[in-house]
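As a plain string of letters, each chain reads:
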Amino acid sequence: MADVTADSAPATRTIDVEDPARGRTIGQIPVLDERAVQELATRGRMAQVGWNAMGFDARADVLHRSRRWLMANTDRMIKTICDETGKTYEDASLEVSIAAQSFRFWAKESERYLADEPISHFTPFTVGKKVVVRYEPVGLVGVVGPWNYPLVNAFCDCVPALMAGNAVVLKPSEVTPMTALLVQEMLDAAGMPADVFSVATGDGGTGGAVVDAADYVMFTGSTATGRKVMERAAKTLTPVSLELGGKDPMIVLADADLDRAANAAAYYGLLNSGQVCISIERVYVERAVHDEFVAKLVANVRELRQGVSDGPGVAEVGALTFAPQIDIVEAHVKDAVEQGAKVEIGGRRGAGPGRFFEPTVLTGVTHQMRCMREETFGPTIPVMAVEDAEEAIRMANDSEYGLQASVWTKDIARGEAIARRVEAGAVLVNDALLNYAVMGAPMGGWKSSGVGSRHGANGIRKYCKTQTVVSQRFALKKDLNMFPYTPLKSKLLGRVVKAAYDRKR
Ligand code: NAD
């Protein structure tokens, strides 16, 4: 038989997609290479011109239709998310609700954020000039996303980029690409013009190709990969926004409502099996209430059901989405125990074909332990007793990360004063995470947690180039600063400068 393989085109490499809760393969995706990504980018750039010319209202109409499609296909979207992440029905529903909010928010607010801005000015040289700053889409935005929230943390960053008039190539995580493919179907059904939005499935190599091809890179993922993305983007001077890892501290003061604090610690610490960047990753409790807080927290965790969640109200805690994550979680628990920490509840892998780790509370932890210094990104809540608020603030800030934090106290003014001393992009008093739902407020990390932010005015302006337009409205034949230089003109100009600036305020 003749060998045909030598002349055939090389087969596209594929990656298996897994259902981590059931431990089975649910599909395969192609790994797009550099050439395939370039092709999507070229088509995107061509389509972008018409999309931008459509204007805000017509683009908003596509978003509104997408939102209605999402509401009509909620069950399908939830199932797709659950199947590839192993998260619970409720955790997936949260994604749908935030995505719908994102469509509405950006459809409504984009034009206001990107309206021409008149700039007031008073200098001796600019009398009679009109100054306006305007926003122009960068062209092609590359969005590279993680696996923990395939709809929210990958796709929702595309929404303002699209509303600004850009084309977008989305590179979803290779672990959870199915949601992005369904998003493509949603946008097609909503009348998105062809090629304005495309999905580049694949691995880190595909992500690198997207960085090379884009005019702006929006990256969400680990700090380690974020560094590589920024380095690579530097080669083409492509601007980036990086939403990276966190080690979000919770500070519980002695006067806190301990029931609410313990409920919140269980929920935000274990939401999405702890695979949330803006969660509760470590807890500092004033010694006076430490034991009572831990007792309430452990009682809460004991009530939780973990397992496959194929409908509403079935389980509170789902699976670990990403295979290596369970080893990290286990290593952090083991390291803590070896250094003297106590496992109050949980602490082990679950049985079965799915990838589960028991919801875990650790006490007696220190800052020498990995669970307090590195991002665990799993269902663990390490709790440390502190002498007072000052020690809690010191410990909270003793971290390379600065994404999110919370302070728990009945004294709101004191809580807000402490919040201002915590090094994090968002600090909540008697709450956690929900700043994400306030889309007018920027969300982004300090220190190794990120560069730039999403949401708010910067959440869309970053996808634009600014252009300053200056026009002289009533003009002399020749301004004072123009040639030729004469003693009289120079003196006059000197007097004008003095009159303007030689005053107390
Ligand atoms: P990751 O860094 O491993 O991967 C993220 C994405 O980058 C994936 O799509 C991956 O294929 C791609 N990628 C990998 N190597 C690349 C390269 N060299 N160039 C370009 N792209 C590359 O992150 P992950 O494990 O998918 O996600 C978990 C991490 O994301 C956690 O650290 C979490 O805290 C963080 N995260 C942050 C936020 C935030 O808003 N700050 C939100 C969600 C998740």
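Residues numbered from 1 in each chain as written. Predicted model: local features only at pLDDT ≥ 70, side-chain atom pairs only at ≥ 80, totals over all residues. Heavy atoms only, no water.

A look at the layout of surface pockets
Here comes step 1: Estimates place the volume of the largest pocket at around 970 Å³.
Here comes step 2: The wall of the largest pocket is formed by 39 residues, among which Trp147, Phe219, Gly221, Ser222 and Thr225 lie closest to the centre.
Here comes step 3: At the level of elements, helix 8 (204-213), strand 8 (216-220), helix 9 (223-235) and helix 12 (323-338) are the ones that each hand at least two residues to the lining of the largest pocket.
Here comes step 4: When residues of the lining of the largest pocket are assigned to their parent elements, the largest contribution, six residues, is made by helix 9. (1 Å grid on protein atoms, 1.4 Å probe; cavity = no way out; pocket = protein on both sides within 12 Å on 5 of 7 lines; lining within 4 Å. Points joined across faces, edges and corners; volume = space filled by probe spheres on them. Helix = DSSP H or I, 4+ residues; strand = E, 2+ residues; numbered from the N terminus.)

Notes on the packing of aromatic side chains
Here comes step 1: By the definition in use, this model includes 10 aromatic pairs.
Here comes step 2: Between Phe155 and Phe197, the ring centres sit 5.8 Å apart and the planes meet at 90°, which makes this aromatic pair edge-to-face. With Phe155 in helix 5 (residues 150-155) and Phe197 in strand 7 (residues 197-199), this pair connects stretches of sequence that are 42 residues apart. Across the pair, Phe197 and Phe155 agree in class, each one buried.
Here comes step 3: Ring centres of Tyr267 and Tyr268 lie 4.8 Å apart, and the angle between their planes is 70°; on these two criteria the pair is classed as edge-to-face.
Here comes step 4: Judged by relative accessible area, which is 9%, Tyr268 ranks as buried.
Here comes step 5: Feature note: the residues Phe103, Phe155 and Phe197 constitute an aromatic cluster, connected by ring pairs. (Phe/Tyr/Trp six-rings, centres within 6.5 Å; stacked < 30°, edge-to-face > 60°. Buried < 20%, exposed > 50% of the residue type's maximum accessible area, 1.4 Å probe, protein only.)

Topic: the UniProt feature "active site" (unreviewed entry) in the chain
Here comes step 1: Feature annotation in UniProt assigns "active site" (unreviewed entry) to the following positions: Glu243 and Cys277. These annotated residues cover 35 residues of sequence, and their C-alpha atoms all fall within 9.1 Å of one another, placing them together at a single site. Lining the largest cavity, from the set of annotated residues above, are Cys277.
Here comes step 2: Its place among the elements puts Glu243 in strand 9 (residues 240-243). (UniProt positions renumbered as here; feature names shortened; annotations may be inferred.)

Overview of the environment of Asp188
Here comes step 1: Within the fold, Asp188 resides in helix 7 (residues 178-189).
Here comes step 2: Here the alpha-carbon distance between Asp188 and Ser66, two residues 122 residues apart in the chain, equals 8.8 Å.

A short note on the site of the ligand
Here comes step 1: As a structural note, the neighbourhood of the ligand is formed by 29 residues, with Gly145, Lys171, Glu174, Ser222 and Glu375 the closest of them.
Here comes step 2: Separating an oxygen atom of the ligand from a side-chain N or O atom of Lys171 is a distance of 2.7 Å.
Here comes step 3: A distance of 2.7 Å separates an oxygen atom of the ligand from a polar atom in the side chain of Thr225.
Here comes step 4: Secondary-structure elements contributing two or more residues to the shell around the ligand are helix 8, strand 8 and helix 9.
Here comes step 5: With three residues, helix 8 is the single largest residue contributor to the shell around the ligand.
Here comes step 6: Of the residues in the shell around the ligand, the class split is 11 nonpolar, 12 polar and six charged. (Near = heavy atom within 4 Å. Polar contact = N/O pair within 3.5 Å; in protein donor to acceptor, adjacent residues only side chain to side chain. Nonpolar A, V, L, I, M, F, W, Y, C, P; charged D, E, K, R; others polar.)

Examining the sheet that holds strand 20 (residues 464-472)
Here comes step 1: The strand order 3-4-20 describes an open sheet built from three strands, whose pairing is antiparallel. Whereas interior strands pair on both sides, the edge strands pair on one side only; in this sheet they are strand 3 (117-118) and strand 20. (Pairing = 2+ DSSP bridges.)

A few points about the nonpolar core
Here comes step 1: Counting residues in hydrophobic clusters, the biggest one holds 92 residues, and the most contacted among them are Phe155, Phe197, Val252, Phe293 and Leu297.
Here comes step 2: Residue contacts for Phe155: discarding those within four places in its chain leaves Phe103, Pro150, Leu170, Val183, Met186, Leu187 and Phe197.
Here comes step 3: Core analysis: the second largest hydrophobic core is formed by 27 residues, Val333, Val365, Val422 and Ala424 among them. (Core = buried A, V, L, I, M, F, W, Y, C linked by side-chain atoms within 4.5 Å. Contact = heavy atoms within 4.5 Å.)

With respect to unusual backbone geometry
Here comes step 1: The omega torsion of the bond from Phe483 to Pro484 falls at 0°, within 30 degrees of zero and hence cis.
Here comes step 2: With respect to the element layout, Pro484 can be found in the loop between strand 20 and helix 17 (487-501).
Here comes step 3: Phi angles above zero are rare outside glycine, and Asn272 is one such case at about 55°.
Here comes step 4: Relative to the helices and strands, Asn272 resides in the loop between helix 10 (258-270) and strand 11 (282-286).
Here comes step 5: A residue is classified by how much of its surface remains accessible, and Asn272, at 2% relative accessible area, is buried.

Thoughts on empty space enclosed by the protein
Over the atoms rolls a probe the size of a water molecule, and its path tells where empty space is left.
Here comes step 1: A full pass over the atoms with the stated rule returns three cavities of 30 Å³ or more.
Here comes step 2: Surrounding the largest cavity, Leu94, Glu95, Ile98, Tyr149, Val152, Asn153, Leu271, Val276, Cys277, Ile278, Leu433 and Tyr436 form its lining.
Here comes step 3: Contributing elements (two or more residues each) for the lining of the largest cavity: helix 4 (89-113) and helix 5.
Here comes step 4: The greatest single-element share of the lining of the largest cavity, amounting to three residues, is contributed by helix 4.
Here comes step 5: Looking at the lining of the largest cavity residue by residue, the class counts come to 10 nonpolar, one polar and one charged.
Here comes step 6: Of the volumes computed, that of the second largest cavity is approximately 60 Å³.
Here comes step 7: Every residue lining the second largest cavity is listed: Ser102, Trp106, Cys156, Asp157, Pro160, Tyr436, Met439, Arg454 and His455.
Here comes step 8: Across the lining of the second largest cavity, the residue classes tally to five nonpolar, two polar and two charged.

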